[in-house]
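Fold and contact review
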Amino acid sequence: MNKSVLGQLIRINLLYANPQSTQKLRQRSRSNRRLTWALVRQYVLAGLMLAVLYGFLLTMVDLVRNKGLFDNFLGVFAIFSLSQGISIINNVFFESKDQAAYLPLPISARLVFLAKMMVVLIAVAPMTLPILYVFVATGFKAAVNPVLAVVVGLLLFGLVVALMTLLGTFIVFGLARTKLFQQHQKLVTFGLLFISFVAMMAGILMLNFSTAGTTSVPAGIPVLNWFHDAVTNPLSLASGGLIGSLVILVAVLAWGTDRWLLNQFLVGPTRSTTVTRKPHQVVHRSFRQRLVRYNLGLLQNPTLLLQAVSMVLLPFIMMGAGLLTDSHSRAAIAALPIRFSGLFLVVGVLAGAITVNSSSLVSVSISLDRANLAYILAMPISLKRYLRIKFWTVYGVQAVMVAVLAVAVAVFLQLPVWHTAALIAGLLVGVYLMSVVYFARDWRLRDLDWSNVTTLFNRGGGNFLTFAVIFGGYIIGAIVVFMDYMAISVMGGLVATGLVLLVLLAVGALVVWWFDWHYWSAHLTENLH
């Protein structure tokens, strides 16, 4: 094996593992070895941050007695490891589109495949360091010899990561042979990215639920509880059987990867399936319907969709997770009488406003047109009408995401219908008002020559502005909600809600007048460049 060639292949394929990070580092003038080490350093630092975060939360739980939490945590992070691996495998093997470049080179397919698999392991292993922490920490708490606890923890950790990576490889290569992947690759890729995000959020919520209570959950999950037995009693026959079984399973999957997947690698994902398109009936659509479909098509970028969904969920995770995991708080919220429906309206407006920021769909929707915007302006439609169609289309998608989340929260809290209706109405209003603001911002900062969609998120303050707005919204929102609660308690629900509606109408009218009428009247005649 030519180690120097393998090292070069690993450095090249590291660029494909996370294209967004690579793009950002290149914008900072990183290249060659500096770029490679910067990417590796990002993976390691992210893994250490996760290990510290979850390690801090788990210090409040006795994982030796609480077998249920141990198994739940392992299961969630195994899914997270699998989903991360699937996403990176898709990027490295298929999104890179570099298979043909290796054909004329004097490099074996096996060496290229090995380099790509090593890149996947480099990217996945640091993100699953919390599993290693749980294995080793549980062994320490069980009074196992420290050296033995570390050795067994490292061995089990390596086997779990290898197993999830190999399973992910079979899943991705299997998907690549399906019509679904070939016809809807962007949506499938988004689904893979979304699973990774959901697994991460599930881990946070699971720990919030577990650490909020004081009762132990001794029952474990079948198969996963074997890992608990192995780290608490590593010299037992069961521990040896688990490690031996994992070694055999990983070896079989590695052999299968070399036997079946290697041949598919350089041929490409469309080797075995020929897609034949059936004749379909021509559907006559109006000009407006075609513009709506066009704008919906612009939103199918997987990175864009994941960023938009995460920005909708993030305020809930950061603000509401701790509150909603407390059973007493949930019961108190659900028991609020009907006169407090106005309070849910206010909460909805504030929450909806926070979910719209510089990383939302509406905040980049105009820039997504790129060169097509000039072409659209040559068509028989005014710019004002086109932008209005675009705004309502993207706002509808944003509003649906927020409304679905609101319904899920309402069902979880068992809220009455009137509270749920007030919450959803408030969310729709809040999303609309901030969408008007950020839609105008996108026109002001429009970038029609971007090469990576992540560059659109970093305009005008970028992530710093996003989180500043979110935390500022929390502080202002907490003050407003407290004042509204006190007003309802003192003046009654009808009077307080009436005053709130008057304030909302005044603020909403001012926002709409300035951003939806005054701003566009002054800027619609601007040159696009």
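Reading guide: rules and limits
Residues numbered from 1 in each chain as written. Predicted model: local features only at pLDDT ≥ 70, side-chain atom pairs only at ≥ 80, totals over all residues. Heavy atoms only, no water. Helix = DSSP H or I, 4+ residues; strand = E, 2+ residues; numbered from the N terminus. Buried < 20%, exposed > 50% of the residue type's maximum accessible area, 1.4 Å probe, protein only. Contact = heavy atoms within 4.5 Å. Areas by Shrake-Rupley, 256 points an atom, 1.4 Å probe, with all protein chains shown as cover. Axes fitted to C-alpha atoms, helices over the stretch in contact; angles between N-to-C directions. Parallel < 35°, antiparallel > 145°, perpendicular 65-115°, else oblique. Left-handed = near helix turned anticlockwise from the far one by under 90°. Nonpolar A, V, L, I, M, F, W, Y, C, P; charged D, E, K, R; others polar. Expected span 1.5 Å × (residues − 1). Core = buried A, V, L, I, M, F, W, Y, C linked by side-chain atoms within 4.5 Å. Phe/Tyr/Trp six-rings, centres within 6.5 Å; stacked < 30°, edge-to-face > 60°. Polar contact = N/O pair within 3.5 Å; in protein donor to acceptor, adjacent residues only side chain to side chain. pLDDT = per-residue confidence, 0-100. Salt bridge = Lys/Arg side-chain N within 4 Å of Asp/Glu carboxyl O. Patch = residues over 30% accessible without salt bridge, like charges linked within 9 Å, V, L, I, M, F, W, Y side chains within 5 Å.

Once that is clear, we can look at the overall build of the protein chain. On a plain count of helices and strands, the protein chain comes out with 22 helices and 0 strands. A total of 529 residues make up the protein chain; the buried ones form 47% of that total. Here the contacts in the protein chain between residues at least 6 apart in sequence split such that 85% fall between residues at least 24 apart. Carbon and sulfur atoms form 69% of the exposed surface of the protein chain, whose accessible area is close to 26100 Å².

Take the packing of helix H4 (residues 67-95) against helix H11 (residues 224-232) next. Relative orientation of the contacting elements H4 and H11 amounts to 115 degrees, with a least axis distance of 9 Å. One way to sum up the angle between H4 and H11 is to call them roughly perpendicular. Read as a crossing pair, H4 and H11 show a hand that is right-handed. Along its contact with H4, which presents Lys67, Phe70, Asp71, Leu74 and Gly75, the element H11 presents Leu224, Asn225, Phe227, His228, Asp229 and Val231. Each residue belonging to the contact of H4 with H11 can be placed in one class, and the counts come to 5 nonpolar, 3 polar and 3 charged.

Working note: α-helix, 3.6 residues per turn, so residues spaced by three or four point in the same direction. With 15 residues, helix H16 (residues 341-355) extends 21 Å from end C-alpha to end C-alpha; this agrees with the ideal 21 Å at 1.5 Å per step. Across the 15 residues that make up H16, a large majority, 11, are buried. Taken as a whole, H16 has its buried residues at Ser341, Gly342, Leu343, Phe344, Leu345, Val346, Gly348, Val349, Gly352, Ile354 and Thr355.

Within the largest apolar cluster, 74 residues are counted, with the highest numbers of intra-cluster contacts made by Phe70, Phe93, Phe113, Phe135, Leu156 and Phe227. Among the secondary structure elements, those contributing two or more residues to this core are helix H1 (3-17), helix H3 (32-58), H4, helix H6 (109-127), helix H7 (129-141), helix H8 (146-175), H11 and helix H12 (237-267). Broken down by element, this core gets its largest block of residues, 13 residues, from H4. Ignoring anything within four residues of it in the chain, the contact list for Phe70 reads Leu63, Val134, Phe135, Thr138, Leu224, Phe227, His228 and Val231. One finds Leu306, Met401, Ala410 and Trp450 within the second-largest nonpolar core, a separate group that totals 58 residues.

Evaluation of the coordinates by the stated rule reveals 14 aromatic pairs. On the basis of an interplanar angle of 5 degrees and a centroid distance of 6.1 Å, the ring pair of Phe135 and Phe227 is categorised as stacked. Of this pair, Phe135 sits in helix H7 while Phe227 is found in helix H11, placing the two residues 92 residues apart along the sequence. Across the pair, exposure class does not vary: Phe135 and Phe227 are buried alike. Consider the rings of Trp392 and Tyr432, whose centres lie 5.6 Å apart with planes at 20 degrees: the pair is stacked.

Relative to the helices and strands, Asn145 resides in the loop between H7 and H8. The spacing of Asn145 and Pro234 is 89 residues in sequence and 9.6 Å in space, taken between C-alpha atoms. A distance of 3.0 Å separates a polar side-chain atom of Asn145 from the backbone nitrogen of Val147.

Right, let's get into the confidence of the model for the protein chain. A low pLDDT means the predicted coordinates there should not be read in detail. In this model, the protein chain carries a mean pLDDT of 79, and residues with pLDDT of at least 70 account for 83%. Element-level pLDDT for the protein chain is lowest in helix H10 (residues 185-212), with a mean of 64, against a maximum mean of 90 in H8. Taken as a whole, residues 270-275 scores under 50 in pLDDT and shows 8 contacts with residues more than four places along the chain or in a different chain.

Right, let's talk about the pattern of salt bridges for a bit. As enumerated under the stated definition, the model contains 4 salt bridges in all. Among the ionic pairs, Lys116 bridges to Asp98, the shortest N-O distance being 3.2 Å. Taken together, the residues Lys116 in helix H6 and Asp98 in the loop between H4 and helix H5 (99-102) connect sequence positions 18 residues apart. Residues Lys116 and Asp98 agree in their burial class; the two are buried. Residues Lys390 and Asp369 are paired through a salt bridge, measuring 3.1 Å at the closest nitrogen-oxygen approach. With Lys390 in helix H18 (residues 383-413) and Asp369 in the loop between H16 and helix H17 (372-377), the pair connects residues that are 21 residues apart, well separated along the chain.

A contiguous nonpolar patch, built from Val490, Met491, Leu494, Val495, Leu499, Leu502 and Leu505 and spanning about 760 Å² of accessible area, is present on the exposed surface. Contributing elements (two or more residues each) for the nonpolar patch: helix H21 (462-491) and helix H22 (493-523). The element contributing the most residues to the nonpolar patch is H22, with 5 residues. Mapped onto the elements of the fold, Leu499 is located in helix H22. Taking relative accessible area as the criterion, Leu499 reaches 42% and is therefore assigned partly exposed.

Between its first and last C-alpha, H4 extends 40 Å over 29 residues, near the 42 Å set by a 1.5 Å rise per residue. Within H4, 24 of the 29 residues are buried, leaving the element largely enclosed by the surrounding structure. Looking at the residues trailing H4, positive phi occurs at Lys97, about 50 degrees.

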